[in-house]
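Per-entry structural report
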Amino acid sequence: METMTKEIQKVKEKKTIKMTGAKAIVECLIAEGVDLIYGYPGGTIMPVYDEFYKYQDQLHHVLTRHEQGAIHAAQGYARVSGKVGVAIATSGPGATNLITGITDAQIDSTPVVCITGQVGSHLLGSDAFQETDIVSISTPVTKWNYQITKTSEIPEVLAKAFYIARSGRPGPVLIDVTKDAQFGELDFEYKKCEKIRSYKPIPEMNMDEVKAAADLINNAKKPFVVFGQGVILANAEKELKDFLEKADIPAASTLLGLSALPTDHNLNMGMVGMHGHYAPNVLTNDCDALIAIGMRFDDRVTGNLETYAKQAKIIHFDIDPSEIDKNVKTDVAVLGTVKETLAELIPFIHSNKNKEWHQEFIDLRKVEHDQIIHPEINPTKEKLTMGEVINLINKETKGEAIIVSDVGQNQMFASRYANFKQSKSVVTSGGLGTMGFSLPASIGAKMGAPEREVVAIIGDGGFQMTIQELGTILQTKAPVKIVVLNNEFLGMVRQWQEMFFDRRYASTVMTNPDFVKIVEGYGIEAKRVTKREDLAGAVSKMISSKDAYFLEVVVEKEGNVFPMIPTGATVSDIRLK
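Before going into details, it helps to say that this report is about the structure given with it. Just so it is clear, the model here is predicted, and its values are computed rather than measured. (Residues numbered from 1 in each chain as written. Predicted model: local features only at pLDDT ≥ 70, side-chain atom pairs only at ≥ 80, totals over all residues. Heavy atoms only, no water.)

1. Some details on the sheet that holds strand 9 (residues 223-227)
Note the cut-off: Think of it this way: DSSP has to see at least two bridges between two strands before they count as a pair. A run of H or I in DSSP counts as a helix once it spans at least four residues, and a run of E counts as a strand once it spans at least two, with each numbered from the N terminus. Here an angle of 0 to 180 degrees is reported between the N-to-C directions of two axes, which are lines fitted to C-alpha atoms, with helices fitted over the stretch in contact.
Here we have six strands laid out as an open sheet, ordered 11-10-9-12-13-14, and parallel in their pairing. The open sheet has two edge strands with one neighbour each: strand 11 (268-271) and strand 14 (332-335). When the angles between neighbouring strand axes are averaged without regard to direction, this sheet yields 20°. Examined bridge by bridge, strand 13 (residues 313-318) and strand 14 share four bridges and lie parallel to one another. By the bridge assignment for strand 14, F317 is matched with V334.

Structure representation (structure tokens):
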């Protein structure tokens with residue numbers, strides 16, 4: 001099968017070649033290095049799908065079972081591969097079904113390009129069948145969007161789309177293409193976008209601020225680092241490690257920063273946040289210098305802003321100027337990609353030892369281990385716990401798996417009890433908290449890193465939100481491992497109802513189907529575990545399987561995830577029970 005790419009190579013004397021807009025879209029994707037697309041066809045995007053049919057040797061299209069599955073799969077792919085994920089859908093409901101995932105990608109800084117079909121330009125504004133103003137709808141939740149109504153616009157707009165999605169602080173871009181623009185013809189020539197006037201994705205670094213940050217850090221007696229996903233997005237894991245080790249500073253991560261520093265590193269004190277670890281949360285309000293690296297001071301990290309780290313000098317390293325002073329007032333702000341700013345900082349940092357400060361973390365870690373962690377992973381109660389399941393999975397995978405968690409208690413237990421040896425090992429919905437994220441995102445993650453084990457950790461509620469994506473696994477044979485922690489509740493909401501609403505479990509009890517029968521109907525091997533003596537063997541069998549595998553574990557109904565910072569409380573008020 002001869003594709004237009006080969007024709008372009010043959011016609012060397014020509015700079016351009018005539019083709020349809022639909023073909024041009026496909027050629028643009030290939031020029032950007034795209035080889036994998038997630039989507040769902042429909043009337044207004046059919047011309048592009050017709051071209052996909054002709055390019056099967058160069059582009060692999062994954063047919064998901066819902067457009068939300070397509071965008072979440074694209075997110076999972078982007079998060080582990082470091083590439084731009086691509087999702088495609090038709091107009092109307094196809095486009096609007098992408099919105100939740102686009103919003104998720106915007107908040108979590110995930111680079112995705114979404115292409116949606118649109119009714120013919122002569123029908124715009126006429127309430128035509130499946131016409132929706134997706135540009136207006138998506139404007140608040142995209143980094144950039146654009147509607148193409150002229151075929152000639154396609155190459156330049158798509159080049160901008162990929163540049164904007166991946167540059168600076170990454171994010172989602174949506175391009176809406178009318179059907180007549182897909183059918184029309186143009187003289188095709190593609191030039192990758194390398195800059196856009198007035199758009200500066202990486203702010204200029206100020207060396208005076210770098211030196212000022214170094215002075216504050218060098219003079220601190222109790223310095224503390226909180227790092228986020230910005231480290232991973234910038235590929236700055238080595239720079240972070242070198243900085244921490246030279247200055248001997250204890251550090252903790254945000255939820256999305258997990259795996260940027262190996263869990264077992266002696267300076268890694270765990271995770272901050274509402275269900276983070278005890279020591280880093282409590283000692284946030286005891287440090288004298290708080291160094292924030294690639295994180296945005298989300299409310300789940302800070303708790304009550306009126307009492308957050310008021311005793312400390314705040315040094316903030318970030319690529320996005322809009323994050324500076326947005327939530328927490330800084331003393332020194334260092335703008336730029338953290339890979340570059342940390343590299344410039346390290347020579348100015350004094351080698352140091354903070355033995356007594358470290359001991360404070362160690363003492364509090366022991367308190368948490370004795371009161372929370374040990375009882376959770378070595379329970380004496382009859383019912384299985386979520387923590388012991390995650391602990392067994394971690395042991396079986398040796399901390400080398402990619403954990404794709406959903407949202408709720410399963411997410412917090414996965415983030416607290418899994419260990420990570422390498423970066424890009426955590427895929428979850430952080431800022432938006434999208435239930436149903438894990439199953440389709442795990443498919444994308446496995447395709448983005450086929451050499452790694454991918455384990456989806458899901459609650460019984462979230463699993464049923466995108467359960468249809470089992471059909472995508474059936475068709476693609478993606479060997480993801482799916483673990484449903486079934487407590488027959490919407491667990492996190494129930495926990496709040498128990499603690500703050502006098503156990504009034506309003507609409508949180510789940511009457512579930514036979515998950516094993518459903519999963520087996522999709523041709524996936526499945527097992528249900530209710531007893532502790534069966535758990536280790538079931539986990540081992542799941543991980544050793546070369547194919548997709550489903551494991552349902554029936555856990556205690558009213559298990560809670562602790563520690564916990566109640567809403568509106570300060571980080572040092574974190575509760576152990």
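2. Some thoughts on the pattern of salt bridges
This is how it is decided: Salt bridges are identified by distance alone: a Lys or Arg side-chain nitrogen within 4 Å of an Asp or Glu carboxyl oxygen. The rule is simple: take the accessible area with a 1.4 Å probe, protein chains only, and divide by the maximum for that residue type; under 20% is buried, over 50% is exposed, in between is partly exposed.
Counted according to the given criterion, the structure contains 28 salt bridges. In this structure, E239 and K339 form a salt bridge, with 3.1 Å as the shortest nitrogen-oxygen distance. Separated by 100 residues along the polypeptide, E239 in helix 12 (residues 237-247) and K339 in helix 15 (residues 338-345) bring together distant segments of the chain. By relative accessible area, E239 is classed as buried at 13%. For the salt bridge of R528 with E552, the shortest nitrogen-to-oxygen distance reads 3.2 Å. You can see R528 sitting in strand 19 (residues 525-529) and its partner E552 sitting in strand 20 (residues 549-554), a full 24 residues away along the chain. In this structure R528 comes out as partly exposed when scored by relative accessible area, which is 43%. Under the relative-accessibility criterion, E552 is labelled buried at 2%. Ionic contacts of the salt-bridge type, sharing partners, join the residues K23, D50, E51 and K54 into one network.

3. As for the nonpolar core
Our working definition: Residues enter a nonpolar core if they are buried and are Ala, Val, Leu, Ile, Met, Phe, Trp, Tyr or Cys, with the set joined through side-chain atoms within 4.5 Å. Note on contacts: a residue pair is in contact if any heavy atoms of the two residues lie within 4.5 Å.
Core analysis: the biggest nonpolar cluster contains 67 residues, and F224, L290, I457 and L485 have the highest contact counts within it. Per-element accounting of this core gives the leading share, six residues, to helix 16 (residues 355-377). Discounting chain neighbours no more than four positions away, the residues touching L485 are M386, V389, I390, N410, I457, I458, G459, D460, V553 and V555. A24, L59, V113 and I175 belong to the second-largest nonpolar core, a separate cluster that totals 41 residues.

4. Remarks on helix 6 (residues 99-107)
What helix 6 keeps buried is the set I99, G101, I102, T103, D104 and A105. Residues of helix 6 that are buried sit in contact with helix 4 (67-81), helix 5 (93-96), strand 5 (112-118), helix 7 (134-138) and strand 7 (172-178). One or two steps after helix 6, the chain reaches S109, where phi turns positive at roughly 55°.

5. A closer look at the state of the cysteines
Where we set the bar: Cysteine sulfur atoms are paired as a disulfide whenever they fall within 2.5 Å.
According to the stated counting rule, one finds zero disulfides in the structure shown. With no disulfide of its own, C114 has C28 as its nearest cysteine by sulfur position, at a separation of 16 Å. By relative accessible area, which is 0% here, C114 ends up buried.

6. Observations regarding helix 2 (residues 21-31)
Among the 11 residues in helix 2, 10 count as buried, and that is most of the element. The complete set of buried residues in helix 2 reads G21, A22, K23, A24, I25, V26, E27, C28, L29 and I30. In the segment just after helix 2, G33 is the residue with positive phi, at about 80°.

7. Comments concerning the layout of surface pockets
Quick note on the threshold: Residues are said to line a cavity or pocket when one of their atoms sits within 4 Å of a point; the points come from a 1 Å grid over protein atoms alone, cavities being sets where a 1.4 Å probe fits but cannot get out and pockets being open sets with protein on both sides within 12 Å along at least five of seven lines. Grid points are joined across faces, edges and corners, and a volume is the space filled by probe spheres set on the points. Note that Gly is not counted as nonpolar here; it falls among the polar residues with everything else outside the nonpolar set of Ala, Val, Leu, Ile, Met, Phe, Trp, Tyr, Cys and Pro and the charged set of Asp, Glu, Lys and Arg.
As a volume, the second largest pocket reaches approximately 520 Å³. Of all the elements in the fold, those that place two or more residues in the lining of the second largest pocket are strand 11, helix 16, helix 17 (386-397) and helix 18 (409-417). Each residue belonging to the lining of the second largest pocket can be placed in one class, and the counts come to seven nonpolar, 12 polar and four charged.

8. What about unusual backbone geometry?
The omega torsion across F562 and P563 is 0°, close enough to zero to call that bond cis. Take P563: it is sitting in the segment after strand 20. A positive phi angle, near 60°, is found at D127, a position not held by glycine. Within the secondary structure layout, D127 lies in the loop between strand 5 and helix 7.

Read these as layout, nothing more, since geometry by itself doesn't imply function.
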